[in-house]
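So the chains spell out like this:
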Amino acid sequence: MLRIIVLGAGAGGGFPQWNCGCPNCGRARAGDPQARPATQSSLAVSADDGATWYLLNASPDLRQQIAQTPPLHPRVRGRGSPIRGVVLTNADVDHIVGLLTMREVQPLAIFGTPRVLQKVQANTIFNVLDSEVVSWRPLIPGQVTEICGLDGSPSGLSAKAFPVPGKVALWLEDPRQEDFGSAVEDTVGLELSSNCGKRFFYIPGCARMPTDIADRLRGAALVFFDGTTYTDDEMISCGLGSKTASRMGHMSVSGTDGSIASFAPLAVARKIFVHINNSNPILIADSRERKFVEAAGWEVGSDGLEVVL
Ligand SMILES: [Zn+2]
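Residues numbered from 1 in each chain as written. Predicted model: local features only at pLDDT ≥ 70, side-chain atom pairs only at ≥ 80, totals over all residues. Heavy atoms only, no water.

(A) Spotlight on the overall build of the protein chain. When you go through the protein chain residue by residue, the secondary structure sums to nine helices and 14 strands. Against the globule reference of 19 Å for 309 residues, the protein chain gives a C-alpha radius of gyration of 18 Å, in line with a compact fold. Taking the principal axes of the C-alpha coordinates as reference, the protein chain spans close to 50 × 45 × 40 Å. For the protein chain, buried positions account for 53% of its 309 residues. For the protein chain, contacts bridging at least 24 residues in sequence account for 68% of all contacts bridging at least 6. (Helix = DSSP H or I, 4+ residues; strand = E, 2+ residues; numbered from the N terminus. Rg over C-alpha atoms; globule rule 2.2 N^0.38 Å. Buried < 20%, exposed > 50% of the residue type's maximum accessible area, 1.4 Å probe, protein only. Contact = heavy atoms within 4.5 Å.)

Here it is as structure tokens:
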């Protein structure tokens, strides 16, 4: 059995975002039941009936996310956590800052592509993760890696990373280089499998749907997918920014090249949007856009949603 909990369904900034006064954020801030707040992008997964948990990305909201998720609470009188590690899909701020929350001498294994680990470890603030008890473990794209904690005890979970079209993290962009210096290992999707034969995909950032990724996802039981924006020019048309979704490394939900159209022929049994930006109208439960995505067979992820496979 695989248990998966959406810790945060929002994108970077969360919903509402601290400095955003857009109509969406205003409704969330006002407590409108149609505009449920969302913390930043992360899932928790367990393949051993909840005995141990692994985070898929560690968001800046991790402290709050753990507080509101009882399965992740300490179970002993002293220090300890059922969270044994983290698997990173890229080095975006919304996916790595939670690592700093996990700095209290807690044994952890942190998995990521060699390039992502190198970039994160090169930033000395992450030295607060005590090297005596934290190990950084490479996820080689295309290879199946057994996910286990520092003591090596099996979790029943394995991960296979695969490169997806995307962009290097914003804080690592180099304007002098082509595509801002992005390289193939900067953003990956994850295929998570349990010993009992269950599997799902987690792809919180993906700029396009090339044939190889479509083939990989075809017929899957469950995919959590990039729901950052509804339209490519959403940030611009909402007056919130100057970048398109594709410039930020994301494909839009709608449109001929969007995720709904791209998934339509893939026969994925359950499709859940995560990493949803506060500008995206699908966050509003009574919006026309929410009705459209649900009619297309998609779910809009929300904090605390649990899925069992
Ligand atoms: Zn907003």
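(B) Local environment of the sheet that holds strand S1 (residues 3-8). The seven strands lie next to each other as S6-S5-S4-S3-S2-S1-S14, forming an open sheet whose pairing is mixed. Each edge of the open sheet carries a strand with a single partner, namely strand S6 (134-138) and strand S14 (306-308). The average angle at which neighbouring strand axes cross in this sheet is 20 degrees, direction not considered. Summarising the sheet, strand S2 (residues 42-46) and strand S3 (residues 53-56) pair through three bridges and their orientation is antiparallel. What sits directly across from Ala44, in S3, is Leu55. This element, helix H5 (residues 114-122), spans strand S5 (108-112) and S6 of the sheet and lies at about 145 degrees to S6. (Pairing = 2+ DSSP bridges. Axes fitted to C-alpha atoms, helices over the stretch in contact; angles between N-to-C directions.)

(C) Summary view of the coordination of the zinc ion. Bound to the zinc ion on the protein side are Cys20 (SG), Cys22 (SG) and Cys25 (SG), at distances that span 2.3 Å. We note that the donor set of the zinc ion lies within a single chain, spaced as C-x1-C-x2-C. No difference in accessibility class separates Cys22 from Cys25, as the two residues are buried. (Donors = N, O, S within 2.8 Å, 3.2 Å for Na, K, Ca; no water.)

(D) Examining unusual backbone geometry more closely. A cis amide bond links Phe15 with the next residue in sequence, Pro16, at an omega value of 0 degrees. If you trace the backbone, Pro16 turns up in the loop between S1 and helix H1 (23-29). You will see that Asp49, though not glycine, has its phi angle at about 60 degrees, which is positive. Its identity as a non-glycine residue notwithstanding, Ala267 has a phi of 55 degrees, on the positive side. Examined against the element boundaries, Ala267 turns out to sit in the loop between helix H8 (259-263) and strand S12 (270-274). Residue Ala267 is classed as exposed on the basis of its relative accessible area of 60%.

(E) Structural detail: the nonpolar core. Membership of the largest hydrophobic core comes to 34 residues, with the highest contact counts inside it found for Leu217, Phe225, Phe263 and Val293. Listed by contribution, the elements that provide at least two residues to this core are H1, strand S10 (199-203), helix H6 (211-217), strand S11 (222-226), H8 and strand S13 (298-300). Ranked by residues supplied to this core, first place goes to H6 with three residues. Filtering out sequence-adjacent residues up to four positions away, Phe225 remains in contact with Ile203, Cys206, Met209, Met251, Ser259, Phe263, Ile272, Phe273, Val274 and Trp298. In this structure, Phe111, Cys148, Leu157 and Phe200 belong to the second largest nonpolar core, which totals 28 residues. (Core = buried A, V, L, I, M, F, W, Y, C linked by side-chain atoms within 4.5 Å.)

(F) Structural view of helix H9 (residues 288-295). Among the residues making up H9, those that are buried are Glu289, Arg290 and Val293. The arc that holds the buried residues of H9, viewed along the axis, is 100 degrees, so those residues lie on one side. Exposed positions of H9 whose direction lies more than 90 degrees from the buried face are Arg288, Lys291 and Ala295. Following H9 by one or two positions, Gly297 adopts a phi angle in the positive range, close to 90 degrees. (Arc of directions from axis to C-beta.)

(G) Quick look at the packing of aromatic side chains. Throughout the structure, instances matching the rule amount to five aromatic pairs. Judged by centre distance (4.8 Å) and plane angle (70 degrees), the ring pair of Phe225 and Phe263 falls under edge-to-face. Residue Phe225 is found in strand S11, and its partner Phe263 is found in helix H8; the two are separated by 38 residues along the sequence. An identical accessibility class is assigned to Phe225 and Phe263; each is buried. Here the aromatic rings of Phe273 and Trp298 are separated by 3.9 Å at their centres, their planes lie at 10 degrees, and the arrangement is stacked. Highlighted residues: Phe273 in strand S12 and Trp298 in strand S13, separated in sequence by 25 residues. Both residues of the pair, Phe273 and Trp298, count as buried. Here a set of aromatic residues connected by ring pairs shows up, and it is made of Phe225, Phe263, Phe273 and Trp298. (Phe/Tyr/Trp six-rings, centres within 6.5 Å; stacked < 30°, edge-to-face > 60°.)

(H) Looking closely at the side chain of Ser42. Assignment of secondary structure puts Ser42 in strand S2. Judged by relative accessible area, Ser42 falls into the buried class, the value being 1%. If near-sequence neighbours (up to four positions away) are discounted, Ser42 is found in contact with Ile5, Val6, Leu7, Gly8, Leu56, Asn57, Ser59, Gln65 and Tyr202.

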